[in-house]
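As a plain string of letters, each chain reads:
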Amino acid sequence: MNPPEFLAMRFEEHRPHLRAVAYRMLGSLTEADDAIQEAWLRLAGSDDRKIDNLGGWLTTVVGRVCLDMLRARKRRGEEPIEARLPDPVISHEDRADPEQQALLADSVGLALLVVLESLSPAERLAFVLHDMFGLSFEEIAPIVDRTPATAKKLASRARLRVRGTTPPPDPDRADQRRVVDAFLSAARGGDFDALLALLDPDVVLRADGGALTGGLRTIRGASAVAGQLDTFQRMATAATTHPALVNGFAGLLNTLDGQPLSVMSFTITGGRIAAIDILSDPRRLAHLDLVSADD
């Protein structure tokens, strides 16, 4: 094996970890892949003989690339990142996908990603790299051009935001599925009281239909969310519903005539639904890998 081939092989060994970092940083699978490609180009153009810790070097590079991409979003005056849902990762409940398992090693739900996208780029990087991947603040500091103490403060501020807005989800997947199945049953039957009983009093519904619906809509509170029963019933009766894992949690993939109609993610806390995230943007659904989730 020649040196370039050996270097490429070593890079591929780190790809799952790098993609997991980039996905949490960017909330976009396409942009995460772009960040990884940029890291490869930088590695290929460097003298790898001077790199003692390739994994650490690549993580640092990907972190810097993602930070630049987040800052570029703001400079270009793009729509606020909160105006859309992050890309969901969908898989079949009964068929494990090693690549997706690596991507979602800590089951980072859509509700958490929504909060991460409300952070500043530097806060997000400090939180993701320290709290999710265990990098020290000494390693994080040069990436954000701050001192280790300041990097620690960035992560601390982010942590407070995350803890204050994302309830811890119930870990048992069978329990999650029972609640989602009960939601589906209530929706199909048009049973308002049954639906209301499943909802946490502070439940949040986020629905992203893209240009068709004017972007992301947010509804808060059990009564207001249960008030969407007619919409839920139309979805549940008109579409073919497939149980799926959405970012590692029990969710639903809805199809119509074999084409994806929507992806529904549920955050279940204390046996009740604390958050529902629905992506129904046809443009974005067309770019997601839904094959593994659809029977």
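As the structure is a computational prediction, the values presented were derived from the model and not from experiment.

Reading guide: rules and limits
- Residues numbered from 1 in each chain as written.
- Predicted model: local features only at pLDDT ≥ 70, side-chain atom pairs only at ≥ 80, totals over all residues.
- Heavy atoms only, no water.
- Helix = DSSP H or I, 4+ residues; strand = E, 2+ residues; numbered from the N terminus.
- Rg over C-alpha atoms; globule rule 2.2 N^0.38 Å.
- Buried < 20%, exposed > 50% of the residue type's maximum accessible area, 1.4 Å probe, protein only.
- Contact = heavy atoms within 4.5 Å.
- Areas by Shrake-Rupley, 256 points an atom, 1.4 Å probe, with all protein chains shown as cover.
- Lys, Arg positive; Asp, Glu negative; His and termini not counted.
- Charge placed at Lys NZ, Arg CZ, Asp CG, Glu CD.
- Salt bridge = Lys/Arg side-chain N within 4 Å of Asp/Glu carboxyl O.

Peer 1: Help me out: how do you make sense of the overall build of the protein in this one?
Peer 2: Looking only at helices and strands, the protein features 13 helices and seven strands. In terms of overall size, the protein behaves like a compact globule, its C-alpha atoms giving a radius of gyration of 20 Å where 295 residues would be expected to give roughly 19 Å. With respect to the three principal axes, the spread of C-alpha positions in the protein is 65 × 45 × 35 Å. Counting over 295 residues, the protein shows a buried share of 50%. Pairs at least 24 apart in sequence give 66% of the contacts found in the protein among residues at least 6 apart. For the protein, the exposed surface amounts to about 14,100 Å²; the carbon and sulfur share of it is 52%. The distance from the centre of the 34 positive side-chain charges to the centre of the 42 negative ones in the protein is 7 Å.

Peer 1: Even after reading the chapter, I still don't get the pattern of salt bridges, so can you show me in this structure?
Peer 2: Any two side chains of opposite charge can pair, so long as their charged atoms come close to each other. Overall, the coordinates contain eleven salt bridges when judged by the stated rule. The partner of Arg 15 in a salt bridge is Glu 12, and the shortest N-O contact between them spans 2.9 Å. Here the residue Arg 15 and the residue Glu 12 both occupy positions in helix α1 (residues 3–26), the gap between them amounting to three residues, near one helical turn. A residue is classified by how much of its surface remains accessible, and Glu 12, at 41% relative accessible area, is partly exposed. Of the charged contacts in the structure, one is a salt bridge between Asp 281 and Arg 283, with a shortest N-O distance of 3.9 Å. We classify Arg 283 as exposed; its relative accessible area is 56%.

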